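Summary of structural features
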Amino acid sequence: MPIDPYILLLLGTVGLAALFPARGPAADVASGASTAAVALLFFLYGARLSTREALDGLRHWRLHVTVLACTFLVFPLLGLAARGLVPVILTHPLYQGLLFLTLVPSTVQSSIAFTSMARGNVPAAICAGSFSSLVGIVATPLLAASLLGGSGGGFSADSLLKIVLQLLVPFLAGQLLRRWIGGFVTRHKQVLGLVDRGSILLVVYTAFSVGVVQGIWHQVSPARLGGLIVVEAVILAVMLLLTWYGGKALRFGRADRIAIQFAGSKKSLAAGLPMASVLFGSQAALAVLPLMLFHQMQLIVCAVIAKRRARDAAAEVSAPRSAAATRTAVGTGTRSG
């Protein structure tokens, strides 16, 4: 299975934080830079999203409601069900991170990429991922406050305000300025993509530096880590099956079911990491560990599924052509005889 190169960069960042964690004044500088980078990240998200595309996507409301229900209802229910695995398989801090993972919004880029690869409804995937990110700015902190309470590291109205100021306000600013900077953002999307990823790496370095300084990594044993991976694999399998066959039960077409499966079964590392850094504070390192593992797992599994869906679509197209060619050949042979 291929490993996303970005995951290697994330792991390298974790290693850098383990060897050279930011301490004292350097930690304050890293924290401030991380906050600014995340604000820039969501500003660019706002500048990229076409308001017309978002409004057009509202017409396909059944699909978007289905994706949102999977992301913010079914996923959290699975996270709550995993509570029974503590302390036999998961430690309480790992479970807190796992539960937080289930509250994070869906992805945008990878949902679009896999939907396109599988020949699904790409415009629907664009809108579904974008709507999920917008709803998650408010829904994720509220769900975390309700389900995790004070054990998550200080959920309060103040933390919600920080999320809004750090994520939602820059996003809205990007939307307002899109008229003037939208063209520039579109022309330089590859360069700005590096800004996106660099921002996330900075957030990871800051969060894991705090964890290393406080010595929280002694809380995670290889056995516990293996148990976490198995639990996440089960959750991912359940969501992939539910989104695919649930879409069929709701009478969506094949293209829409593909968009539902890829947008409704994944979680966003880009949105989850900044939220965790605000909501969990000094405990953010353990909180984001399940999300980082799930991110790589979903990329590998969804890549395999997308290729299979593409082969199935190609077979469906070629089958009628083959049948038509056979009928033509038979007809020609009969006339010749």
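Residues numbered from 1 in each chain as written. Predicted model: local features only at pLDDT ≥ 70, side-chain atom pairs only at ≥ 80, totals over all residues. Heavy atoms only, no water.

**Let's talk about the overall build of the protein chain**
The test is simple: By the criteria applied, helices consist of DSSP H or I runs no shorter than four residues and strands consist of E runs no shorter than two, each listed in order from the N terminus. Residue burial is assigned from relative accessible area. The probe radius is 1.4 Å, only protein chains are included, and a residue is buried under 20% of its type maximum, exposed over 50%, and partly exposed in between. Methods summary: accessible areas were calculated by the Shrake-Rupley approach with a probe of 1.4 Å, and residue burial reflects only the protein chains presented.
Looking only at helices and strands, the protein chain has 13 helices and zero strands in total. Relative to its full complement of 337 residues, the protein chain shows a buried share of 47%. Summed over its atoms, the accessible surface of the protein chain is roughly 15800 Å², and 69% of this surface lies on carbon and sulfur atoms.

**Topic: the packing of aromatic side chains**
Selection criterion: Centres within 6.5 Å make a pair out of two Phe, Tyr or Trp rings, where for Trp the six-membered ring is used; the pair is then stacked when the planes are under 30 degrees apart, edge-to-face when over 60, and tilted otherwise. Charge-over-ring placement is defined geometrically: NZ (Lys) or CZ (Arg) within 6 Å of the ring centre, and within 35 degrees of the ring normal.
Across all of its chains, the model carries three aromatic pairs by this definition. Both rings, one in F75 and one in F294, keep their centres 6.2 Å apart while their planes meet at 80 degrees; by these two values the pair is edge-to-face. Here the residue F75 occupies a position in helix α4 (residues 61–81), and F294 occupies one in helix α13 (residues 284–336), the gap between them amounting to 219 residues. With respect to class, F75 is no different from F294; both count as buried. The ring of Y95 carries R83 above its face, with NZ or CZ at 5.8 Å from the centroid.

**Re the environment of T66**
Counted only if it meets this: Throughout, a residue-residue contact means that at least one pair of heavy atoms, one from each residue, lies within 4.5 Å.
Mapped onto the fold, T66 is located in helix α4. For T66, a relative accessible area of 15% translates into the label buried. In this structure the C-alpha to C-alpha distance between T66 and G247, which are 181 residues apart in sequence, comes to 8.3 Å. Ignoring anything within four residues of it in the chain, the contact list for T66 reads L250, F252 and I260.

**Remarks on the packing of α4 against helix α7 (residues 122–147)**
Our working rule: The axes used here are C-alpha line fits, helices contributing only the stretch in contact, and every angle between their N-to-C directions lies in the interval 0 to 180 degrees. Left-handed describes a crossing in which the near helix is turned anticlockwise from the far one by less than a right angle; the clockwise case is right-handed. Classification convention: Asp, Glu, Lys, Arg as charged; Ala, Val, Leu, Ile, Met, Phe, Trp, Tyr, Cys, Pro as nonpolar; all other residues, Gly among them, as polar.
Where α4 meets α7, the closest approach of the two axes is 9 Å, and the angle between their N-to-C directions is 35 degrees. Read as a crossing pair, α4 and α7 show a hand that is right-handed. Contacts between α4 and α7 involve L63, H64, V67, L68, T71, F72, P76 and L80 on the former and, on the latter, A124, C127, A128, F131, S132, V135, G136, A139, T140, L143 and L147. Taken together, the residues of the contact of α4 with α7 break down into 14 nonpolar, five polar and no charged.

**Topic: unusual backbone geometry**
Cis geometry marks the peptide bond from V86 to P87; its omega dihedral reads 5 degrees. The backbone phi angle of R119 is positive, close to 65 degrees, even though this residue is not glycine. Looking at the secondary structure, you find R119 in the loop between α6 (109–117) and α7. Of note, R251 is a non-glycine position whose phi angle comes to about 65 degrees, a positive value. Secondary-structure assignment places R251 in the loop between α10 (222–249) and α11 (254–264). A relative accessible area of 77% places R251 in the exposed class.

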